[in-house]
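# Topology and contacts: notes
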Amino acid sequence: GIQVEQSPPDLILQEGANSTLRCNFSDSVNNLQWFHQNPWGQLINLFYIPSGTKQNGRLSATTVATERYSLLYISSSQTTDSGVYFCAVARIKAAGNKLTFGGGTRVLVKP
Amino acid sequence: DTEVTQTPKHLVMGMTNKKSLKCEQHMGHRAMYWYKQKAKKPPELMFVYSYEKLSINESVPSRFSPECPNSSLLNLHLHALQPEDSALYLCASSQVVSRGYTFGSGTRLTVV
């Protein structure tokens, strides 16, 4: 199966700082998503980004599919950005997608 | 409606109990999924349903029994679970040729 590696595993930020999270994957994919999991367990979809660049407020993401990596940028971090960020990938098949998650980056933003 | 709704949010059950987890979506998605997440680990796929038919079973023990009664509902029937089955159980849905998953808020299960 596809291997997904995220770095760094842990990140401590001062409020207002910027950061970059990385996701490397081992094979070609046609589905890549970034999720934020809050302390209550809810997985919130941040981006569907199998290729290209997207921005949503203080967050942006870039996927370079040919080089098998994706980056998530957090700018002007806030305490509410704390939680675990997951990258997940899949190869689309007719029988439904098998979305495989990376190990996550645990982010703590301090006030 | 852009949500996946899971009930109950919390469940405590004994090892001899039978219980069910429920998942519902009204986005017209024809693929639905069960994931299991242990503490400090990523979610792991258990089952995939496509057009109400089981298409992927990730070698899950038979004490977990999925059911998809219609295109909007997904159940997970639980019987004779072990304490190590305690986890967060997440339901998700997507278009079959996906443009992204939507996850529910999960059921936090404790087996005593």
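Just above sits the structure.
Predicted model, so just to flag it, every value in this text is computed and none were measured. (Residues numbered from 1 in each chain as written. Chains lettered and ligands numbered in written order. Predicted model: local features only at pLDDT ≥ 70, side-chain atom pairs only at ≥ 80, totals over all residues. Heavy atoms only, no water.)

### With respect to the sheet that holds strand β6 (residues 52-56) of chain A
All names here are of chain A. Read from one edge of the open sheet, five strands run β1-β3-β8-β7-β6, paired in antiparallel fashion. Strands with a single pairing partner mark the edges of an open sheet, and in this sheet they are β1 (4-7) and β6. Within the sheet, the average angular offset between the axes of one strand and its neighbour, ignoring direction, is 15°. Inspection of the sheet shows strand β3 (residues 19-25) paired to strand β8 (residues 69-74) by six bridges, in the antiparallel sense. Paired with Asn24 across the bridge in β8 is Tyr69. (Pairing = 2+ DSSP bridges. Helix = DSSP H or I, 4+ residues; strand = E, 2+ residues; numbered from the N terminus. Axes fitted to C-alpha atoms, helices over the stretch in contact; angles between N-to-C directions.)

### Topic: the interface of chain A and chain B
Taken together, the contacts link 23 residues of chain A with 27 residues of chain B. For the interface between chain A and chain B, the tally reads one salt bridge. Its salt-bridge partner being Lys98(A), residue Glu58(B) comes within 2.9 Å of it at the nearest N-O pair. There are six residue pairs in polar contact (both at pLDDT 80 or more) connecting chain A and chain B. Top element by residues in the side of chain A that touches chain B is strand β4 (residues 31-37) of chain A. It accounts for four residues. (Contact = heavy atoms within 4.5 Å. Salt bridge = Lys/Arg side-chain N within 4 Å of Asp/Glu carboxyl O. Polar contact = N/O pair within 3.5 Å; in protein donor to acceptor, adjacent residues only side chain to side chain.)

### Observations regarding the pattern of salt bridges
Evaluated as defined, the whole model comprises six salt bridges over all chains. The residue Asp27(A) makes a salt bridge to Arg91(A) at a minimum N-O spacing of 2.6 Å. Residue Asp27(A) is located in the loop between β3 and β4, and its partner Arg91(A) is located in the loop between β9 (83-90) and β10 (100-101); the two are separated by 64 residues in the primary sequence. Residue classification places Arg91(A) among the partly exposed positions, given a relative accessible area of 34%. We note a salt bridge from Arg30(B) to Glu52(B), for which the minimum N-O separation is 3.0 Å. You can see Arg30(B) sitting in the loop between β3 (18-25) and β4 (31-37) and its partner Glu52(B) sitting in the loop between β5 (44-50) and β6 (53-57), a full 22 residues away along the chain. (Buried < 20%, exposed > 50% of the residue type's maximum accessible area, 1.4 Å probe, protein only.)

### Brief notes about the side chain of Ser19(A)
Residues and elements named next belong to chain A. Relative to the elements of secondary structure, Ser19 occurs in strand β3. Take Ser19: its relative accessible area is 9%, and that puts it in the buried class. Apart from residues lying up to four places away in sequence, Ser19 is in contact with Leu11, Leu13, Leu72, Tyr73 and Ile74.

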